[in-house]
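Listed below are the residues making up each chain.
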Amino acid sequence: MGNVCSSGQKKKKDKDSGSEKSDDSPPYQEADQKNNLISTDTNAGDGKRAPLAAVEALPEVCPLPEANGNQALTQAQQPPSIQGKGPEKDSTTTTPQAAQAPSDVANANPGSANLSVLQGKPPPSRKIERDKKIVVYILADNSIEYKKHKRVVHSLYKHFKSKCQSRGFDFIISDVHDSEPLDATEPGNGNPRKNFSRLQEVKRWTQTPLEAQGGHEEAANCLCEITRHSAGAYIVPVLFLGATLGTPMLPLTIESQDFTSVLGSASETERLLLEKWYTIDNSYQPMCHRLHAQQVDPYANQANGELNELLGVLLRLFSDDVKDSYLTTVVEQEINNTVLMSQELAKRCIWIQTGAQLSRAPENASPLELEVQRRISRVYSELKSQLCEKNLIRLLPTMSILDDELSAVIESLLDKALAGIFEEHQQKSSIPYNTLGVDRVLLEELQLVGHYSKLLAQNSANFDIMNDVKRYIRDSTSQPLVVSGPRGSGKSVLVSKIMENVHRWKPEAQLVLRYANLSARSSDLTSLLGSMANQMSVLETGQQCQVPHTLEAYSAKIREILGRQQRFFVLIIDGLDELQREEALDWLPQQLGNSKLILTASELAEAEGEDADSGADSFDMLAALAQLGIPTRCFLRLRQFTERQWHDILSSGGGDFYAANGALKLPDDWKMLHGKTPYHAKSLWWLAWLGQVAQPISEIGDISGRILQVLESKFAADQVELLLLIVRLSPWGIRESDCLGVFQKMTQLEAQVAFKIWSKFCWLMGPMLLGLKNIRIADRSFGRAVLARYAQKQWLVHEALRDYFDRQDSEFKGIQGANTYNYQKYLKLPYHHFCAVIEEKPAQHKIDILFNCFYFTDLPWIANKVHATGPEHLLHDILQAEWLAQTAGEYASDYVHINFLKGFLEQYLHELSYDGQQFYTLMKFYLKMRFREAPELKDDEKIRSWWECTNELEFAFLEILNANLDAEEQEPEPANANEEGEAPATQPVKGYDVLINLPKPGSYVASMCTERAEICIWDVKNCCRIRELQGIQQPTAMCPVGSYEAAVLCRREIRVINLDEGKFKVTLKGVMNQKMPYFGLHDQNHLVCLSRNRMYVNLMNLESGDCVTTFKAGEDRFLNSLLVSGDGRILVCGDETQKPFPLLVWHLSQRKLLYDLRIPHHDFITSLSAITHEGSYVCVVAKELNEPTTPNFIVVYDLQSGTLFKKWKPSCNTVSLAISQVNACVIAGLEDAKIVIWDLVTGNCKSTLVGHNAPVTFLKLDPLGKVLLSYDKEGRDSAVRMWQLNSSKSLAVFKPPAQVTTCEILPNGAFVVLALKDRNTLLTLALKNYAIGSGDVLEDDCISLYGNPDNQHKVFDLSN
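Residues numbered from 1 in each chain as written. Predicted model: local features only at pLDDT ≥ 70, side-chain atom pairs only at ≥ 80, totals over all residues. Heavy atoms only, no water.

**A few points about the sheet that holds strand 35 (residues 1152–1157)**
In a beta sheet, neighbouring strands are held together by backbone hydrogen bonds and run either parallel or antiparallel to one another. Put simply, the rule reads: Strand pairing is assigned whenever DSSP detects at least two bridges linking the two strands. Runs of E in the DSSP output that reach at least two residues are strands. Runs of H or I that reach at least four are helices, and both are numbered from the N terminus.
If you walk across this open sheet you meet the four strands as 32-33-34-35, and the pairing is antiparallel. A strand with exactly one partner marks an edge of an open sheet, and here the two such strands are strand 32 (1123–1124) and strand 35. With five bridges connecting them, strand 33 (residues 1130–1134) and strand 34 (residues 1143–1147) associate as antiparallel partners. Pairing of leucine 1131 across the sheet is with tryptophan 1146, part of strand 34.

**Side note on the side chain of aspartate 1060**
For clarity, the threshold we go by: Residue burial is assigned from relative accessible area. The probe radius is 1.4 Å, only protein chains are included, and a residue is buried under 20% of its type maximum, exposed over 50%, and partly exposed in between. As used in this structure description, the phrase polar contact means that two N or O atoms lie within 3.5 Å; if the pair is within protein, one of them must be able to donate a hydrogen and the other to accept it, and residues adjacent in sequence are counted only when both atoms belong to side chains. Contacts: residue pairs with any heavy atoms within 4.5 Å of one another.
With respect to the secondary-structure elements, aspartate 1060 resides in the loop between strand 26 (1053–1058) and strand 27 (1063–1067). In this structure aspartate 1060 comes out as buried when scored by relative accessible area, which is 7%. A distance of 3.1 Å separates a polar side-chain atom of aspartate 1060 from the backbone nitrogen of asparagine 1348. Setting aside its immediate chain neighbours within four residues, aspartate 1060 contacts Arg1027, Tyr1044, Tyr1346, Gly1347, Asn1348, Asn1351 and Phe1356.

**As for the pattern of salt bridges**
Where we set the bar: We define a salt bridge as a side-chain nitrogen of Lys or Arg found within 4 Å of a carboxyl oxygen belonging to Asp or Glu.
If you walk through the whole model with that rule in mind, you get 58 salt bridges. With a shortest N-O distance of 3.6 Å, glutamate 371 and lysine 323 are connected by a salt bridge. Placement of glutamate 371 in helix 11 (residues 367–386) and of lysine 323 in helix 8 (residues 320–326) is noted, with a sequence separation of 48 residues between them. For the pair formed by glutamate 371 and lysine 323, the shared burial category is buried. Members of the salt-bridge network, linked through shared partners, are Asp320, Lys323, Asp324, Glu332, Glu371, Arg374, Arg375, Arg378 and Glu382.

**Considerations on the side chain of aspartate 1272**
Structurally, aspartate 1272 is set in the loop between strand 45 (1267–1271) and strand 46 (1280–1284). There is a polar contact of 3.5 Å between the side chain of aspartate 1272 and the backbone nitrogen of aspartate 1277. Excluding anything up to four places from it in sequence, aspartate 1272 contacts Ala1254, Pro1255, Thr1257 and Asp1277.

**Re the sheet that holds strand 7 (residues 288–291)**
As a reminder of what qualifies: Here an axis means a line fitted to C-alpha atoms, over the contact stretch when the element is a helix, while the angle between two N-to-C directions is reported on a 0 to 180 degree scale.
What the three strands build is an open sheet, ordered 5-7-6; its pairing is antiparallel. The two strands at the open ends of the sheet, each matched to only one other strand, are strand 5 (253–255) and strand 6 (278–281). Across the sheet, the mean angle separating the axes of adjacent strands is 30 degrees when strand polarity is ignored. Where strand 6 meets strand 7, four bridges bridge the pair, whose relative direction is antiparallel. Bridge assignment links threonine 279 to a residue of strand 7, and that residue is arginine 290. On the sheet, helix 5 (residues 256–264) packs against strand 5, strand 6 and strand 7 and is oriented at approximately 85 degrees with respect to strand 5. Sheet strands touched by helix 6 (residues 268–277): strand 6 and strand 7. Its angle to strand 6, the strand with the most contacts, is close to 55 degrees.

**Points about the packing of helix 6 against helix 7 (residues 302–317)**
As a reminder, the rule being used: With respect to orientation, any angle under 35 degrees is reported as roughly parallel, any angle over 145 as roughly antiparallel, any angle of 65 to 115 as roughly perpendicular, and every other angle as oblique. Definitions for this section: a left-handed crossing has its near helix turned counterclockwise from the far helix by less than a right angle. A right-handed crossing has that turn clockwise. Three categories are distinguished: nonpolar for Ala, Val, Leu, Ile, Met, Phe, Trp, Tyr, Cys and Pro, charged for Asp, Glu, Lys and Arg, and polar for the others, with Gly belonging to the last.
Between helix 6 and helix 7, the least distance of the axes is 10 Å, while the angle of their chain directions is 115 degrees. Comparing their axes, helix 7 and helix 6 come out roughly perpendicular. By crossing handedness, the relation of helix 6 to helix 7 is classed as left-handed. Only Ala303, Glu306, Leu307, Glu309, Leu310, Val313, Leu314, Arg316 and Leu317 of helix 7 make contact with helix 6, whose side of the interface consists of Glu270, Leu273, Leu274, Lys276 and Trp277. Per-class residue counts for the contact of helix 6 with helix 7 are nine nonpolar, no polar and five charged.

**As for the packing of helix 13 (residues 440–456) against helix 16 (residues 525–541)**
Put simply, helix 13 and helix 16 touch, their axes get as near as 11 Å, and they point 105 degrees apart. The orientation of helix 13 with respect to helix 16, classified from their angle, is roughly perpendicular. From helix 13, Leu442, Glu445 and Leu446 reach across to helix 16, where they touch Ser531, Asn534, Gln535 and Val538. For the contact of helix 13 with helix 16, the residue count by class is three nonpolar, three polar and one charged.

**Things to note about unusual backbone geometry**
In this structure, glutamine 748 is a non-glycine residue whose phi angle is positive, near 60 degrees. Tracing the backbone shows glutamine 748 in the loop between helix 24 (736–747) and helix 25 (751–765). By relative accessible area, which is 64% here, glutamine 748 ends up exposed. The phi dihedral of lysine 773 falls on the positive side, at around 70 degrees, and the residue is not glycine. Here lysine 773 shows up in the loop between strand 15 (769–772) and strand 16 (774–777). What makes lysine 773 partly exposed here is its relative accessible area of 23%.

What follows is the structure, encoded as structure tokens:
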């Protein structure tokens, strides 16, 4: 079979033929590749690129597990059996937990891009943000010999689509080429080269658009397709190239300089022929001669012979360089615009070489064959210097290749290309994991707003009022500014221009901009204000606002932030009239202080045809705003173009979209039309580009209908109607592969035929389609016209979309066995089901069907939807259903379960938006709480089934054991606010500083509060205090001793306290160092502690309080840390005197110094260290002295031999560390919010845990070493996460209502106890359905009481 050439090393790029390195070349490119420019002048031969080539937006990037994208299914998986039996201790040290350990590592500083986005600055103009979309683009001529091979590529579509879907990527195969013989009279099995000896027949020429005339339709369509995908997708080119280049084409334009030189060497006959077919075009720059294609009679055969003769003349008269510029074929143009232009595409390109390349032409070859032979040789030479030989498949004519063999080779190469794209997308993701606690959903929304603004800014509008807006932003006006205008007048474009300029007008401005209905988070007023309030809160305080998801709460928060006047905010809401369906404007802040608020709203439409469908629910927004008392000077009207502006905009090239096409002229009578809005101007240019300049237009309001008629004429019946409705009826757009799938199903066309129709549709739709993450219609006015014209078929399309998504799997098999949700199904299916139910005329009780449907009653579906897409989309489903019911005259308030679900989402939207894995934790708690408040809820069948569902879960989840979480949650964030919480206090209650496991069998922890001078003992299982010891002077650290005693650091003394009886037992002699009061347990009778002068370590007797012995490393050596292994045998201290800092290791039982460990030119950061329970290994973070800016790294010492055992260098600083001997691994919390697990045996990275959005500064293993607990001590990411260590799976996540000050995890992760800031009760969470084998033990534990039963719930005063 054909061989994949993998021999030989990659050829170095020749200086003259190296490709120009693209701005977005992948990170794996070799450093020695040259960045050279290739000279491939194709600007004339391809008849210029379509003027719409630059229309496509740079879509928003959707990085990695999107917040609300395809997230890993972590809930529904049973954890594998736990390895290692018995209560084996692991990674526990007897060193006590202090309130705050000093850290030498500075806080993480994520890239400035986050801050720039939060401040509302426009995205960089040159940066291309790749969407999660992969396009296999086929480059080929129309030879029939490729049909079989292309079929092999198409046969792989389902495999790769499934693979991409599991990673959250869209996948399509783009093949615009027609493989049928061009001449129908020739047999299909004839020599394919004879098809390419003549021009395309005139009868197949298209008259429009301009760059598609003269046989260039396929070229223009292909180049538009390439440009459309290059703007935001990852392209994998698959090149079919053998001994042909396809059908020749006459150049559409020839520069006048070249044309004149050709005429000078032409004979009289040739001159007449050239001048007949090429006429001068003075409007084009530079001046050129244009092919006069309009004079062709498509039914006359005479023109065909004359044009082929013209091609022969050009072949004779053009020099080789000029031929290369003007006489390129479609496949040459594709090659030039992909693999020869971008090093990224060249690296991915797969070249399937068919047929033998002729070394020289046959003796009787025609001039065209000679020219083709020359150009093929040149193309081969350039491709071989650019493409990777490993991606070349040679199929010689003598080979008989089975489809399966070719398929296996292509599949292997595509697999490698896709793996590279997945890795590249992860590395180039513009939203890092570490966002310092800012939710990804907010940053994704801001990115979407930025890219949409960037697209809008390419349009033009009547900007006469821009100076008024500038004056408003600069002056002292404290009322809102209202900008109004008719639909299509360019209000959104004006807003995008304000975004571009506001930071020039006011450098200190913080722009908070939202476009109505751009996404789910801006599709209703409450969500939009919530998103704005979050952005403002992050800018001012660094934290998102934690208030219920209600209009009143967000409005109050925005007023509060504006009232403080700490920052200059510019708030903009575009399209307010699309969100506000009632006249209550109480939420609108009218006194803005030093900030600004700009609102845009459309004026009420006159009774025009295109707006007839919108009158039912609209009201006069401008009148309602005027009644609020906003002064008249704060109302600006975006006026229509003046006569002169209208004439100019219809004469000057149509803005950015059509500026490249100077030959496009609009009729003079169009310039006399009334209406004159940017939408109308854009539509007229579009009509002219489509070649409809001869059509009279009497009324500008008819223009949308005229455009739709023109589109319908260019496709078969119903095709345009279906495509437009599929795109328009999909909220926030639709992915390309989904649109194709639905269209193909509705039309019953073959996949390749459907794609060709879709590709041509995208090309001809031009600026009316927007590629903003999904495909959507750009102009609201055009969208309304589509709905009005095709109203009869809307329910059919809704049904087709519903059925299409309903047939899909809800989950995809992901890598390493972890499934991912089908994001698109959860996002789209309920909406289309609701619309289909409502619009289906005969259905009775449709509102009952709507609210009692599967999507509102099945709790697993609801939970999966929240986890897959985020709670905002579920809330949007409810709001949409309520609105549909309202239009039918009924209300959702009659449905108890809908109100219950809505209340739940409003209460916990922030938590669920952070991570949907908390759904069952919060739902079970909310059910219990609401049942206590309203027992009649149990009577509702749906809610009762939800309660039963939460009791029958089979996978691990956290259950909140406290009864009053929400009551505490009402405490204010600011310390001085009043509240109905548990304490009416004038001052906030001081929370706990330290939590520690107690060794007594059962689930007990001790808590310590330094400020309140108290230690409490807690029964974790029953969520209650069982001892309270008060009057202990400044307790700051604790180490349990025996069953009921503990060594407690009080001020600078260590006291042994009986926790059961509430008595002091003994005070150890001597005092501790004030700044470094470190101590740890040696055995049940002895304790080691750092001396006051830090020059040695004392071994103290816990019975007598005397010093037994001291450990000293030498004179004048000051120790700065103390770490004791869990079994008490090994002591490790850091020494800050010696340079470089060493680690000193003592054997406490043998009472001798074992090792003095150090690394030249490095210091140990001893605050970041961990030791195994048996003291076999110690890990510590080290930093280089000579290069302080480089990230620190991790070293592991084998303490049995004293040798350096392992060394790892993560890509950023390590900020927390843990070690597990049971699982033979080191766990590092990194500055970039990842957790990395290193294998102690192999030294490899076992896995990387992601989920946190701030540096992971705290890691804690449960006493058995099986479950890892992680969080951020700084409180930027307030969530705690639990991980199964041996499988690296996420077990659970919980975002508490306040910052965690400290936490503790009990054996096997059975319970997690959290101490929250300014709260004197602990929050207790039980990990359900995990580690079934230990369940009986835990049940038995609760039977045994702590200590003396008579002391239960006693309070002891130890102040005397």
